[in-house]
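Summary of the model geometry
Okay, here's what each chain looks like letter by letter:
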Amino acid sequence: MKKLLFIVFVLVISTSCDKNNIENTTIDGVWVEVNHKTDSLVFDNQTTGLNLNRGTEMRNGFLLPKYHSGPYMYEIENDSISLRWIASSSSYANKYYFKLDLKNKEIKIGNFFVDSINTGVILTFTKIH
């Protein structure tokens, strides 16, 4: 009886692990913004983080990453994503619109970084790998 319970326990654990890996790998990869093609999101299924790559710019004579580039912690809930920029002094996450379309390899997300693009705009990213 103990062996049977142990086998059932192992099967349940291994089945639940497989489901989590499938869910995580669906968003895993590099996603490029479709209009300007200068910003990209990099999701890694090993963490609950993403990296916003925005390129570099000259500031005060130094070549530096554009503002708000870098790592973010995220949590997806239905049609929204909670994001917290790691470099921020705030421990609070902000919610933005989020829609993952795996069939068309697209992510639609509210503009969560400040630049010349209006922050109320929904950005579209397409998966490149």
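Let's shift gears to the pairing of strand E10 (residues 122-127). Of the strand pairs in this sheet, strand E1 (residues 29-33) and E10 are connected by 3 bridges, and their pairing is antiparallel. Counted as the bridge partner of Val32 is Thr126 from E10. Two elements, strand E9 (residues 106-110) and E10, share 5 bridges in a ladder whose sense is antiparallel. Paired with Ile107 across the two strands is Phe125, which belongs to E10.

Glancing now at the pattern of salt bridges. Pairs can form between side chains of opposite charge whenever their charged atoms are close. Under the definition given, this model contains 3 salt bridges. Two residues, Asp39 and Arg54, come together in a salt bridge whose shortest N-O distance is 3.3 Å. Highlighted residues: Asp39 in the loop between E1 and strand E2 (40-43) and Arg54 in the loop between strand E3 (49-53) and strand E4 (56-59), separated in sequence by 15 residues. One exposure class covers both Asp39 and Arg54, and it is buried.

All right, on to the layout of surface pockets then. Taken as a whole, the second largest pocket spans an internal volume of roughly 180 Å³. Taken together, the elements giving at least two residues each to the lining of the second largest pocket come down to strand E7 (80-85) and strand E8 (94-101). Per element, the largest residue contribution to the lining of the second largest pocket is 3 residues, and it comes from E7. Residues belonging to the lining of the second largest pocket are distributed by class as follows: 8 nonpolar, 4 polar and 1 charged.

What counts as what
- The residue numbering used here restarts from 1 in each chain and proceeds along that chain's sequence as written.
- The predicted nature of this model means local features are confined to residues of pLDDT at least 70 and side-chain atom pairs, given and counted, to a pLDDT of 80 or more, with totals for whole chains, interfaces and linings taken over all residues.
- Values reported for side chains reflect all heavy atoms of the structure, with hydrogen atoms and water molecules removed beforehand.
- Should DSSP find at least two bridges between two strands, the strands are taken to pair.
- Starting at the N terminus, helices and strands are each numbered in turn, a helix being any DSSP run of H or I of at least four residues and a strand any DSSP run of E of at least two.
- Every case where a carboxyl oxygen of Asp or Glu lies within 4 Å of a side-chain nitrogen of Lys or Arg is listed as a salt bridge.
- Classification of residues uses two cut-offs on accessible area relative to the type maximum, computed with a 1.4 Å probe and protein chains only: under 20% is buried, over 50% is exposed, and between them is partly exposed.
- As defined here, a cavity is a set of points on a 1 Å grid over the protein atoms alone where a 1.4 Å probe fits but cannot get out. A pocket is an open set with protein on both sides within 12 Å along at least five of seven lines, and residues line them when an atom is within 4 Å of a point.
- Grid points are joined across faces, edges and corners, and a volume is the space filled by probe spheres set on the points.
- Note on residue categories: nonpolar means Ala, Val, Leu, Ile, Met, Phe, Trp, Tyr, Cys or Pro, charged means Asp, Glu, Lys or Arg, and polar means any other residue, Gly included.

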